[in-house]
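# Chain and residue survey
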Amino acid sequence: MTLFRLECKTHCKTLLIWMIVVGILTLGLVSLFPAMKDMGLDQMKAMPKDMMKAFNLSDLGMLTTIKGYFGYEYQYVMLATGIFAAMLGTNALSREESEGTISYLFSQPISRIAIVGEKMLANTVLYTLYWLVSMAIAYLVCLMFKETGASVSDLFDGFTQLTFAGWVMGLTFLSVGFLLSAFLSSNKSATSLSLGLVFLTFILGVVGKMNNDFKGLLYASPVDAALPSTIFKSGIEWNYIVIDLVVIVVAGLLTFWIYRRKDLNV
Amino acid sequence: MPVIELSHISKRFGKFVAVNDVSFTVEKGEFFGFIGPNGAGKSTTMNMMLNFIKSSGGKIKLLGKNVPEHDLDVKKQIGYVPSDVRFYPQLRVRDLFCYTLDFHHMKGDSAELKRYCDLFQIDPQKKFGDLSLGNKKKVALVCALIHHPELIIMDEPTNGLDPLIHARLFRVLKEKQEQGVTIFLSSHNLKEVEDYCSRIAFIRSGKLIGVEDLTQVNQNVKVITVKADQLPIAVMEKIGATCVKKTDHEARFAYEGNMAQLFSTLSNLSPQLDDVTVANRDLEEQFMAMYERQEGERL
Ligand SMILES: Nc1ncnc2c1ncn2[C@@H]1O[C@H](COP(=O)(O)OP(=O)(O)OP(=O)(O)O)[C@@H](O)[C@H]1O
Ligand SMILES: [Mg+2]
């Protein structure tokens, strides 16, 4: 488990920075809620219905409760979370090659399977830590700014479900990122691939929502499986979760398979 | 039992053949040199031995075990110094040593580590990324030594080392060799190869040109350099000398034969010669000739 420790140590600074930035972002967004709640939302009613749907804002009345408001605003943090997870994945294996550190690592007695396995484990732990802390901050901030009369236990239930669904979403991006990482021999394109992966699937989800003919596309969008507004309204949609889990397992196995056969660039 | 056994290994990158049907063996306790011009395929061969890249054909056996099937077992017994030392830049040197020992499930001997650090003048508190080229190389050397490997594979290890450290490194390597450790190094420094290696393999354009036993190289070969307006090429060739180099007024011959005959020929020629020297041929010169020789020629 030496590589596991090395990997955790390498990323602990990045992890801390992401947790702080997302924490501040959450605080900033939620602290606007008391002011937003009392503002008239009439102008927004003029927006076309489909457009509202695309922004996951079909029920404007929701915005006057903390759950509704948070559920809407936090989808953007979900996107950022997806990007964080995808970046952890796409960099994980490719960075060793582009920085040349693989020539040290792979001359040690460690198998390629162990390299992938320990890296997956370390990055899963890092991501899980990030997500738990982010959710804990978000929950506390929501408690601070909630409207009078909002049910704490109801909010807690919503957050438990969101924590789980969001965790699975991140793991999906992480494992697809790992798969890309096994193909790459440099991490130069890792960031753009991560952004592309998250936004592309998100846009597929938007198309799926706007046009009933393409409803199936929703399943290709991990972010939609963990959309806070949907989860707060109707709970976890298990179909999505199952699809994500299948993607995680398949991408994970493929990563091992490809990395074992790969010529490492030294 | 040979420690390194390469049989008919090849490596293709697309259409380009970087290593072409290379076979040789290295016995336990040998100090083996691997030399050849830039781009000859030395690093590629070593990368296959360490399973960084897969061979396109042939069989590799290290320490009696097949690679890549048993590369995990094999790597427990190998110390490797890459030609381009790029270790984790954010780690301190001492952390790198600790991680290396951890990977080998060894506790390490702090006295030994201190000895290496003093010997090679390494500051273990520094961050690896802040070190100079030569200092990085030294850290890589220590990382390849601290787990007491049976086989040390080094790709141009002395590139960037100052002369003092260079001498100390070879003293350590010689010590290791005397304890039965096998040393395999690629190098462009012919002097060090001549001084330390017992055998060498010469590779060019991916093909193995030959394997030479340096302990048995014929020291009787003389190099004769003559300066004259009319170079006596024909006369010299008649007594069996081969012209290895020729300019307008100077020619160099390699000669392996009767010295009396050589001197009588030279004295007959002396009126027309401006200058003549006869010297023992050193290995460096012999290697140089191999570098200069045309493709396809044998050793
Ligand atoms: N990944 C690769 N893809 C394509 N060609 C490669 C690759 N790696 C090496 N080569 C080519 O294979 C040949 C052998 O390269 P190698 O690095 O083994 O040479 P070398 O003998 O180590 O040379 P040097 O003394 O300069 O280190 C070179 O022509 C190189 O361009
Ligand atoms: Mg090389």
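Residues numbered from 1 in each chain as written. Chains lettered and ligands numbered in written order. Predicted model: local features only at pLDDT ≥ 70, side-chain atom pairs only at ≥ 80, totals over all residues. Heavy atoms only, no water.

Once that is clear, we can look at the site of ligand 1. All names here are of chain B. Around ligand 1, the structure places 13 residues, and the nearest of them are Gly39, Lys42, Ser43, Thr44 and His188. Asn38 places a polar side-chain atom, nitrogen or oxygen, 2.9 Å from an oxygen atom of ligand 1. Look at ligand 1: alone it shows 640 Å² of surface, and the protein chains cover 61% of it. Counting residues per element, the ones that place at least two in the shell around ligand 1 are strand S2 (16-27) and helix H1 (42-49). A total of 3 residues in the shell around ligand 1 trace back to one element, the largest contributor, which is H1. Classifying every residue of the shell around ligand 1 by side-chain character gives 5 nonpolar, 6 polar and 2 charged. (Near = heavy atom within 4 Å. Polar contact = N/O pair within 3.5 Å; in protein donor to acceptor, adjacent residues only side chain to side chain. Areas by Shrake-Rupley, 256 points an atom, 1.4 Å probe, with all protein chains shown as cover. Helix = DSSP H or I, 4+ residues; strand = E, 2+ residues; numbered from the N terminus. Nonpolar A, V, L, I, M, F, W, Y, C, P; charged D, E, K, R; others polar.)

Following the UniProt record, one finds the feature "transmembrane region" (unreviewed entry) at residues 15-33, 76-94, 120-141, 161-183, 190-208 and 238-259 of chain A. Taken as a whole, residues 76-94 of chain A contains 100% helix and 0% strand, while its terminal C-alpha atoms sit 27 Å from one another. (UniProt positions renumbered as here; feature names shortened; annotations may be inferred.)

A word on unusual backbone geometry. All names here are of chain B. At the junction of Val67 and Pro68, the peptide bond is cis and its omega measures out at 10 degrees in the coordinates. As for its placement among the helices and strands, Pro68 is situated in the loop between strand S5 (65-67) and helix H2 (71-75). Of note, His148 is a non-glycine position whose phi angle comes to about 55 degrees, a positive value. Here Glu156, not a glycine, exhibits a phi torsion of approximately 45 degrees, which is positive. Residue placement: Glu156 occurs in the loop between strand S7 (151-155) and helix H6 (163-178). Looking at Glu156, the relative accessible area reads 18%, which means it is buried. (Buried < 20%, exposed > 50% of the residue type's maximum accessible area, 1.4 Å probe, protein only.)

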